[in-house]
Amino acid sequence: MRSRCLCQICTCGRHRCPHETTRIYENSGVYCPTTEYLEKYPTYGNVLPAQSVKPKQGFRAYGGKMEGMTTFKSDYRPYEIARQPRRAPEEYKPKEGQIDLDTTYKQDFNSHEVQPVALVRPSERPQVKKGKLDTVPTYKDDYRAWDIQRSELSKPQQSYCPPTVKFGNSTTFQDDYGPQELQPRQNFKPICAVKPPTAPFHGDTSHRLDYVPYQLESKSARPKEAYRPPAQPFEDLTTHRCAFQGLLGESAKICRPAHTRVTQNAPFAGSTEFRDSFQPWEIPAPDVRKVPEYVPPPGAMQLHSTSQLDYVPHQAARVAPIRPASHRRSKRCPFQGTSTMKEDFPAWASPRRGLIKQQQQLPHPSGTFDGVSTFRSHYVPHKLVPTESCQPPNAPFRSSGPFDSVTMYSTEYAPKKREVCPASYPSPPGYVYETTNPRGHRFFRRVLPTVKAF
């Protein structure tokens, strides 16, 4: 019969065999290196990896001679650039006559004579009466108390009477679930008892063994020096007292110009605040620094550079330029300033729009104001009709027959026996221990029950 592992015998899914080191890592010192990859993909013999076909990228030196010509030198051609003529600005000539100080606001918005608005509210006419004042407000006059009858309740009378005898029938829970005695589970936890040591306690430590006490010398007490006041008097002069002389100076002058009201008939003054406040000042000439006279160094100058000494000229042919020759034609015809933009979008004359005044939509009321509002004129009083309740009467349901205590749960419930996982025992019942493989799996062989012959 085929033997089964403890992982296969378990029915609850909580018991597994302890994994140990595999044959590959028996002497490596690594704990539990078993993985799914090592189980499915075992190692093979000494198989070398495939060699790369990609060529090695190395530096290849150029064997030809170096040419001193570049593409910029071969393709670049200097052109003669003609300087554009500069337009001379026209000389400013002031206009004759006086400056017109009128603005568009003064031209478009003329002043109009506005008359005061006539009051719509009538003037008060005090009426003096010698009779007694009837102090009846409008609330008491308009809102009077009405004789309203009390509405009858539509709630039915409650005819339920609670029983006086105590309810003695048992419930389904009391019938189905009787009290049972609880049995304590067996504790598999080892006893945590402290075993007293038999040997005497060794109280020596590394500090007590290695520490060597040394005798320290007594420190000499430094005497405290007595305070000695200085012999010279204290100088209480400060830099402010020495430097400040208290000279009288003139008060600052106000640079703000006098406010002159400019009228329309007054001529325009050409002076500005900037010209009045900032007068031209005489600027002294800058000091010219004297340049020392040049003295040439003695001896002859070596004009040889590292490029002239190390460079070896080579005879090489000139590289032909790859850039094609430019076939530019010179046109002497006059320039046409017209474009599609100017032809399709000509300038349109935009006259100024006039003022847009909204017309008055609501006409002004005519006649005297009536004290009747829209609510008073349109309101129609209606008689209040109570709504009829559609709720069924809350009366208890009574039956003449006896109370049946049988429920669907008590009739259909079938108690099931709780099964215990066989792998939870040290030795599963019905199995005999056989072997343990190198990976740590424990295998058991099932024992068939013996059948007695008649």
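Before reading further, recall that the structure is shown in the block above.
Given the structure is predicted, the values throughout are model-derived calculations rather than measurements.

1. Section: the overall build of the chain
Scanning the chain for helices and strands turns up 13 helices and three strands. Residues counted as buried form 4% of the 454 residues belonging to the chain. Taking the contacts inside the chain whose residues are at least 6 apart along the sequence as the reference set, 61% of them involve residues at least 24 apart. Working note: accessible area of the chain is about 53,500 Å², and carbon and sulfur atoms make up 56% of it.

2. Examining the sheet that holds strand β1 (residues 4-5)
Sheet architecture is open: three strands sit in the order β1-β3-β2, paired in antiparallel fashion. Edge positions in the open sheet fall to β1 and β2 (431-436), since each of these has one partner strand only.

3. Some details on a nonpolar patch on the surface
The grouping of Phe173, Tyr177, Tyr409 and Tyr413 at the surface amounts to a nonpolar patch, some 480 Å² of accessible area in total. By secondary structure assignment, the location of Phe173 is in helix α6 (residues 172-176). Residue class for Phe173 comes out exposed when judged on its relative accessible area of 56%.

4. Here's the deal with the packing of aromatic side chains
Per the counting criterion, the structure on display carries five aromatic pairs. Geometrically, the ring pair formed by Phe72 and Tyr76 is stacked, given 5.2 Å between the ring centres and 10 degrees between the ring planes. On the basis of an interplanar angle of 20 degrees and a centroid distance of 5.1 Å, the ring pair of Tyr409 and Tyr413 is categorised as stacked.

5. Focus: the pairing of β2
Across five bridges, the pairing between β2 and strand β3 (residues 442-446) is antiparallel. Bridging across to β3, Val432 finds its partner in Arg445. Taking the residues that link successive antiparallel strands as the turn, the β2-β3 hairpin has five residues, and the phi of Gly440 there is positive, at about 100 degrees.

6. A word on the pairing of β3
Here two bridges tie β1 to β3, and the two strands are oriented antiparallel to one another. Paired with Arg4 across the two strands is Phe444, which belongs to β3.

7. Looking at the environment of Pro324
Mapped onto the fold, Pro324 is located in the loop between α10 (306-310) and α11 (340-344). The spacing of Pro324 and Asp75 is 249 residues in sequence and 9.0 Å in space, taken between C-alpha atoms.

8. Looking at the side chain of Ser74
Locating Ser74 in the fold gives a position in helix α3 (residues 71-75). At 3.4 Å, the side chain of Ser74 forms a polar contact with the side chain of Asp75. In this view, Ser74 contacts Met69 and Pro321; residues no more than four positions away in its chain are not counted.

Reading guide: rules and limits
- Residues numbered from 1 in each chain as written.
- Predicted model: local features only at pLDDT ≥ 70, side-chain atom pairs only at ≥ 80, totals over all residues.
- Heavy atoms only, no water.
- Helix = DSSP H or I, 4+ residues; strand = E, 2+ residues; numbered from the N terminus.
- Buried < 20%, exposed > 50% of the residue type's maximum accessible area, 1.4 Å probe, protein only.
- Contact = heavy atoms within 4.5 Å.
- Areas by Shrake-Rupley, 256 points an atom, 1.4 Å probe, with all protein chains shown as cover.
- Pairing = 2+ DSSP bridges.
- Patch = residues over 30% accessible without salt bridge, like charges linked within 9 Å, V, L, I, M, F, W, Y side chains within 5 Å.
- Salt bridge = Lys/Arg side-chain N within 4 Å of Asp/Glu carboxyl O.
- Phe/Tyr/Trp six-rings, centres within 6.5 Å; stacked < 30°, edge-to-face > 60°.
- Polar contact = N/O pair within 3.5 Å; in protein donor to acceptor, adjacent residues only side chain to side chain.

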